[in-house]
Amino acid sequence: MTAPTAVLREMRWWDIAPVLELEHELFPEDAWSAGMFWSELAHARGPHASRRYVVAEDPASGRLVGYAGLAASGDLGDVQTIAAAKDQWGTGLGARLLTELLRAATDFECAEVLLEVRVDNTRAQRLYERFGFEPIGFRRGYYQPGNVDALVMRLTDPARTAAPATPNTETPEHPESSETHG
């Protein structure tokens, strides 16, 4: 029997505590604070919303197994964070979260989407490449305190980008692409 597929839904303030647990498990050296998530969610609702944050919830247990966020400014989108619980690696959840962010970028009328990813996180880089992201530069020592460089990647015209042909054959990833993770 296969595990039930995680359900994606809008992130709300009551999700911050379980998201932080997952955040600290996945990004122990450079985890976001509760205040950072509160700040992002403050811009995610209402007529002037410029953020889209989603969580992935296991329908059987109610446990949050992933989350992702996008910021939009003008015609530019920026993937702030994307993460899947370790027991979800290889299930396609990362691709589903990224697809949702690209839908949001389209809704925000973004002409391009940027992200940063650790240079040592080749699994996440492959995921982004499958979606059409291309490397455009580096940010030296971006991830602190480990002093790890970030690869900057760009996707032009997210509205024309389709999900990869085989999202369920996703390689296990530890996506970490956050403007403010550092």
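Quick note: structure is the one above.
Everything numeric in this text was worked out from a predicted model, so none of it was measured.

(A) Structural view of the pattern of salt bridges. The final tally for this structure, using the stated rule, is 11 salt bridges. D15 is paired through a salt bridge with R9; the nearest N and O atoms lie 2.8 Å apart. Here E10 makes a salt bridge to R45, at a shortest N to O gap of 3.3 Å. Of this pair, E10 sits in strand 1 (residues 7-10) while R45 sits in the loop between helix 2 (34-42) and strand 2 (51-57), placing them 35 residues apart in sequence. With relative accessibility at 24%, the residue E10 sits in the partly exposed group. The class of R45 is partly exposed, set by a relative accessible area of 47%. Within this structure, R9, D15 and E57 form a network of salt bridges that share partners.

(B) A look at the packing of aromatic side chains. Applying the stated criterion across every chain yields a total of 6 aromatic pairs. Consider the rings of W13 and W38, whose centres lie 6.4 Å apart with planes at 15 degrees: the pair is stacked. One end of the pair, W13, is in the loop between strand 1 and helix 1 (16-26); the other, W38, is in helix 2, with 25 residues separating them in the sequence. Here F37 and Y67 contribute two aromatic rings whose centre-to-centre distance is 6.0 Å and whose plane-to-plane angle is 80 degrees, an arrangement assigned as edge-to-face. Of this pair, F37 sits in helix 2 while Y67 is found in strand 3 (residues 64-73), placing the two residues 30 residues apart along the sequence. Geometry around Y143 places R118 over its ring, the cationic atom sitting 5.7 Å from the centre.

(C) Representation of the packing of helix 1 against helix 2 in the model. Between helix 1 and helix 2, the least distance of the axes is 10 Å, while the angle of their chain directions is 130 degrees. When the interaxial angle is binned, helix 1 and helix 2 end up oblique. Helix 2 is crossed by helix 1, and the crossing has right-handed handedness. Across from I16, V19, L20 and E23 in helix 1, the residues of helix 2 making contact are A34, F37, W38 and L41. Of the residues in the contact of helix 1 with helix 2, the class split is 7 nonpolar, no polar and 1 charged.

Calculation rules
Residues numbered from 1 in each chain as written. Predicted model: local features only at pLDDT ≥ 70, side-chain atom pairs only at ≥ 80, totals over all residues. Heavy atoms only, no water. Salt bridge = Lys/Arg side-chain N within 4 Å of Asp/Glu carboxyl O. Helix = DSSP H or I, 4+ residues; strand = E, 2+ residues; numbered from the N terminus. Buried < 20%, exposed > 50% of the residue type's maximum accessible area, 1.4 Å probe, protein only. Phe/Tyr/Trp six-rings, centres within 6.5 Å; stacked < 30°, edge-to-face > 60°. Lys NZ or Arg CZ within 6 Å of the ring centre and 35° of its normal. Axes fitted to C-alpha atoms, helices over the stretch in contact; angles between N-to-C directions. Parallel < 35°, antiparallel > 145°, perpendicular 65-115°, else oblique. Left-handed = near helix turned anticlockwise from the far one by under 90°. Contact = heavy atoms within 4.5 Å. Nonpolar A, V, L, I, M, F, W, Y, C, P; charged D, E, K, R; others polar.

Read these as layout, nothing more, since geometry by itself doesn't imply function.
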